[in-house]
Amino acid sequence: MSRDSEFSLRAYCHLDRLQPQFAAFAGAIAAGSPPIEGMSALYVEMSPGNWVFRVVDQVLKAVDVKPGAQLVERQYGMFEVHSENQAEVLRAGEVVLGTLGLEETSQVAPRIASEQIITNVHPYQAQILNRSNCGTMIEGGQTMLVMEVEPAADINLAANEAEKAAPIFLNHMNSVGVYGRMWLSGTESGILAAREAAVNAIGSVTGQVTG
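In this report, the structure presented in the accompanying data block is examined. Remember, predicted model here, so these are calculated numbers, not experimental data.

1. Comments concerning the overall build of the protein chain
- What the protein chain contains, in helices and strands, is six helices and eight strands.
- Helices and strands in the protein chain line up, N terminus first, as β-α-β-α-β-β-α-β-α-β-α-β-β-α.
- Against the 2.2 N^0.38 benchmark of 17 Å for 211 residues, the protein chain shows a C-alpha radius of gyration of 17 Å, consistent with a compact globule.
- Oriented by its inertia axes, the alpha-carbon framework of the protein chain measures out at about 55 × 35 × 30 Å.
- In the protein chain, buried positions account for 48% of the 211 residues.

2. What about the sheet that holds strand β3 (residues 66-72)?
- In space, the four strands of this open sheet follow the order β1-β2-β4-β3, with antiparallel pairing throughout. Only two strands of the sheet have a single neighbouring strand rather than two, namely β1 (8-15) and β3. Across the sheet, the mean angle from the axis of one strand to that of its neighbour is 10 degrees, orientation sign disregarded.
- Inspection of the sheet shows β1 paired to strand β2 (residues 40-47) by seven bridges, in the antiparallel sense.

3. Remarks on the environment of Ile 168
- Along the chain, Ile 168 falls in the loop between α5 (155-165) and β7 (169-174).
- Take Ile 168: its relative accessible area is 5%, and that puts it in the buried class.
- For the pair Ile 168 and Ile 128, spaced 40 residues apart in the sequence, the C-alpha separation amounts to 20 Å.
- Ile 168 has contacts with Gln 21, Ala 162, Glu 163, Leu 184, Ser 185, Gly 190, Ile 191 and Ala 194, leaving out every residue within four places of it along the chain.

4. So, the sheet that holds strand β6 (residues 143-150)
- Spatially, β5-β6-β8-β7 is the arrangement adopted by the four strands of the open sheet, whose pairing is antiparallel. Each having just a single partner strand, β5 (111-118) and β7 make up the two edges of the open sheet. Across the sheet, the mean angle separating the axes of adjacent strands is 15 degrees when strand polarity is ignored.
- On top of the sheet, α5 reaches β6, β7 and β8 (180-186); it is set at about 15 degrees to β8, its chief contact.

5. Topic: the packing of aromatic side chains
- The tally for this structure, following the rule as stated, stands at two aromatic pairs.
- Aromatic pair Phe 7 and Trp 51: ring centres 5.6 Å apart, planes at 70 degrees, arrangement edge-to-face. Of the two residues, Phe 7 is situated in the segment before β1 and Trp 51 in helix α2 (residues 51-62); the sequence distance between them amounts to 44 residues.
- Look at Trp 51 and you get buried, because its relative accessible area is 9%.
- Plain terms: the ring middles of Phe 22 and Tyr 43 are 6.4 Å apart, the flat faces sit at 85 degrees to each other, and that makes the pair edge-to-face. Taken together, the residues Phe 22 in helix α1 (residues 20-29) and Tyr 43 in strand β2 connect sequence positions 21 residues apart.
- Classification of Phe 22 as buried rests on a relative accessible area of 0%.
- Given a relative accessible area of 6%, Tyr 43 falls into the buried group.
- Here the basic side chain of Arg 10 rests over the ring of Tyr 76, its NZ or CZ set 3.9 Å away from the ring centre.
- Its guanidinium or amino end placed over the ring of Trp 51, Arg 54 lies 5.7 Å from that ring's centre, counting from NZ or CZ.

6. A look at the packing of α1 against α5
- It is at 8 Å that the axes of α1 and α5 come closest, and there the two elements cross at 140 degrees. Relative to α5, the element α1 is oriented oblique. For the pair α1 and α5, the contacting residues are Pro 20, Gln 21 and Phe 22 in the first and Asn 156, Ala 159, Asn 160 and Glu 163 in the second.
- Classifying every residue of the contact of α1 with α5 by side-chain character gives three nonpolar, three polar and one charged.

7. A look at the nonpolar core
- With 33 residues, the main nonpolar core has Leu 15, Leu 18, Phe 22, Tyr 43, Met 173, Met 182 and Leu 184 as its most contacted residues.
- Looking at this core, the elements that each hand over two or more residues are β1, α1, β2, β6, α5, β7, β8 and α6 (188-203).
- With residues up to four places along the chain from it excluded, the contact list for Leu 18 reads Ala 23, Pro 35, Ile 36, Glu 37, Gly 38, Met 39, Ala 41 and Asn 160.
- Residues Leu 9, Val 55, Ala 92 and Val 96 belong to the second largest nonpolar core, which totals 22 residues.

Definitions and cut-offs
The residue numbers shown here count from 1 along each chain, following its written sequence. Since the coordinates come from a predicted model, pLDDT governs what is reported: local features require at least 70, and pairs of side-chain atoms require 80 or more to be given and counted, while whole-chain, interface and lining totals use all residues. Heavy atoms throughout the structure, all of them, feed into the side-chain values; hydrogens and water do not. A helix here means a DSSP run of H or I that spans at least four residues, while a strand means a run of E at least two residues long, and both kinds are numbered starting from the N terminus. Our radius of gyration is a C-alpha quantity, and the globule rule it is checked against amounts to 2.2 Å times the number of residues to the power 0.38. Buried, partly exposed and exposed residues are distinguished by accessible area as a fraction of the type maximum, computed with a 1.4 Å probe on protein chains only: under 20%, between the cut-offs, and over 50%, respectively. Pairing between two strands requires that DSSP report at least two bridges joining them. Every angle, taken between N-to-C directions, lies between 0 and 180 degrees, and every axis is a line fitted to C-alpha atoms, over only the stretch in contact when it is a helix. Note on definitions: a residue-residue contact is assigned when non-hydrogen atoms from the two residues lie within 4.5 Å. Any pair of Phe, Tyr and Trp rings, taking the six-membered ring for Trp, is counted once the centres come within 6.5 Å. Such a pair is stacked with planes under 30 degrees apart, edge-to-face with planes over 60 apart, and tilted for the rest. Note on geometry: a ring has a charge over it if NZ (lysine) or CZ (arginine) is within 6 Å of the ring centre and within 35 degrees of the ring normal. The labels follow the angle: roughly parallel below 35 degrees, roughly antiparallel above 145, roughly perpendicular from 65 to 115, and oblique for the rest. Under the scheme applied here, ten amino acids are nonpolar (Ala, Val, Leu, Ile, Met, Phe, Trp, Tyr, Cys and Pro), four are charged (Asp, Glu, Lys and Arg), and all others, including Gly, are polar. What makes a nonpolar core is a set of buried Ala, Val, Leu, Ile, Met, Phe, Trp, Tyr and Cys residues whose side-chain atoms join them at distances within 4.5 Å.

Below, the structure is given as structure tokens:
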């Protein structure tokens, strides 16, 4: 099956076990079947975005997984599938790569585009931020991590691994577009541990360096 000459597998992001905050957030914004804590999930991002439709079709016809997202925006396409059976999600990944004729290492190597740690968040800023988040509310006095990752879909790996490392709160996450973004809040020590886990997770992904 031929691909466009300028096709790019931007992200191939497998989450082994969805953490409670991450699963709750993903379920709240899911356009399709909402995942739950403990499930395994696969996020895939590609360009041109219209390839998403064909790949999702092949996956759902071959593997017993549920689709949670299927999005095409101006530059990229992204989809997510999940299951309580991790083997099924891994098989879905094999179908994706087989359909595209690529290896997992063909993905773009992710990078952290920006990050900030804000200590003792002012209550007024917390209230402004809370108007646009879909997750746990930020409280004044907490410490906050703001991180941007490219490709966007890899922010899911960063967020899920961050939650494994510390009892933090997931306030906001966006994994579509040029950059993926997340806001985490909690104690200063918790945010520092979460940040280290997120950085290590992004750094562990093997892919093609671009630019």
